[in-house]
Amino acid sequence: MKDVRIQTIETPRLILRPFREEDAPKMFANWASDEVVTKFLTWPTHESVETTRQIIAQWASSGSCDWCIEPKEEGEPMGSIGVVHVDPQAETVEVGYCLARKCWGKGYVPEALRALIDWLFREMQPRRITAKHDLDNPNSGKVMRKAGMTFLENRSAAVVNHLGLRDVAVYAIDRPEEPSL
């Protein structure tokens, strides 16, 4: 797998771009402080915009693969999507995402996830991309299926989130085969 530096990705309705320091107030207000949005996530709900600023600064300094989801229609940050784990030996990456409640149901996350999957296969070149969701959050599985991912398995007591030790569903998509000459 290749080491990559994130680039802006554009879809018909979205701009996926690196986070900027000035995104902190909107990130905090639109999703990071919302306990409904963060209910099934593994990171804590932000208690202040300063926490959000620190996270964005950490992402910038670590070279993480985290993109801001900015719907063109909204014109401001409404979510995040990115690589949450890399396994170089298995040549796999795990992705995760979250979106402001006011943008739910508009198809933004499947569109963003499909664009990220395409970009990762082209640029990072993993063998497989995975994602997982809490079994009590089936809408996230719908997002994964809409983006072309396939259900692999359920795993018991596989993740700790705001609700404690939880069961998850795991989805994956494999790198397309190179055409034979």
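Residues numbered from 1 in each chain as written. Predicted model: local features only at pLDDT ≥ 70, side-chain atom pairs only at ≥ 80, totals over all residues. Heavy atoms only, no water.

(A) Fine view of unusual backbone geometry. Of note, Glu91 is a non-glycine position whose phi angle comes to about 55°, a positive value. Locating Glu91 in the fold gives a position in the loop between β4 (79-87) and β5 (92-99). Positioned with a positive phi, Ala157 is a non-glycine residue whose angle comes to about 45°. Within the secondary structure layout, Ala157 lies in strand β7 (residues 150-161). You can call Ala157 partly exposed: its relative accessible area is 43%. (Helix = DSSP H or I, 4+ residues; strand = E, 2+ residues; numbered from the N terminus. Buried < 20%, exposed > 50% of the residue type's maximum accessible area, 1.4 Å probe, protein only.)

(B) Highlighting the pairing of β4. Taken together, the four bridges between strand β3 (residues 66-71) and β4 define a ladder with antiparallel strand orientation. Looking at the pairing, Trp67 lines up with Ile81 of β4. Between β4 and β5, which follow one another and run antiparallel, lie four residues, and Glu91 among them has a positive phi close to 55°. (Pairing = 2+ DSSP bridges.)

(C) Representation of the state of the cysteines. Taken as a whole and judged by the stated rule, the model has zero disulfides. Cys68 provides the cysteine sulfur closest to Cys65, a residue in no disulfide bond, and the two sulfurs are 15 Å apart. Between Cys103, a cysteine without a disulfide, and Cys68, which holds the nearest cysteine sulfur, the sulfur-to-sulfur distance is 11 Å. (Disulfide = S-S within 2.5 Å.)

(D) Summary view of the environment of Ala157. Spatially, the C-alpha atoms of Ala157 and Val168 are 7.6 Å apart, while their sequence positions differ by eleven residues. The residues touching Ala157, leaving out its near neighbours within four places in the chain, are Leu165, Arg166 and Asp167. (Contact = heavy atoms within 4.5 Å.)

(E) Seen up close, the nonpolar core. The biggest cluster of nonpolar side chains holds 47 residues, and the ones touching the most others in it are Trp67, Ile81, Leu113, Leu120, Ile129 and Met149. Broken down by element, this core gets its largest block of residues, ten residues, from helix α3 (residues 108-123). (Core = buried A, V, L, I, M, F, W, Y, C linked by side-chain atoms within 4.5 Å.)

(F) Here's a closer look at the pattern of salt bridges. Overall, the coordinates contain 17 salt bridges when judged by the stated rule. Between Arg53 and Glu50 there is a salt bridge; the shortest N-O distance is 3.8 Å. With Arg53 and Glu50 both in helix α2 (residues 49-62) and three residues apart, this pair spans about one turn of that helix. With a shortest N-O distance of 3.5 Å, Arg122 and Glu123 are connected by a salt bridge. Taking relative accessible area as the criterion, Glu123 reaches 22% and is therefore assigned partly exposed. One network of salt bridges, in which partners are shared, links Arg17, Asp23 and Glu70. (Salt bridge = Lys/Arg side-chain N within 4 Å of Asp/Glu carboxyl O.)

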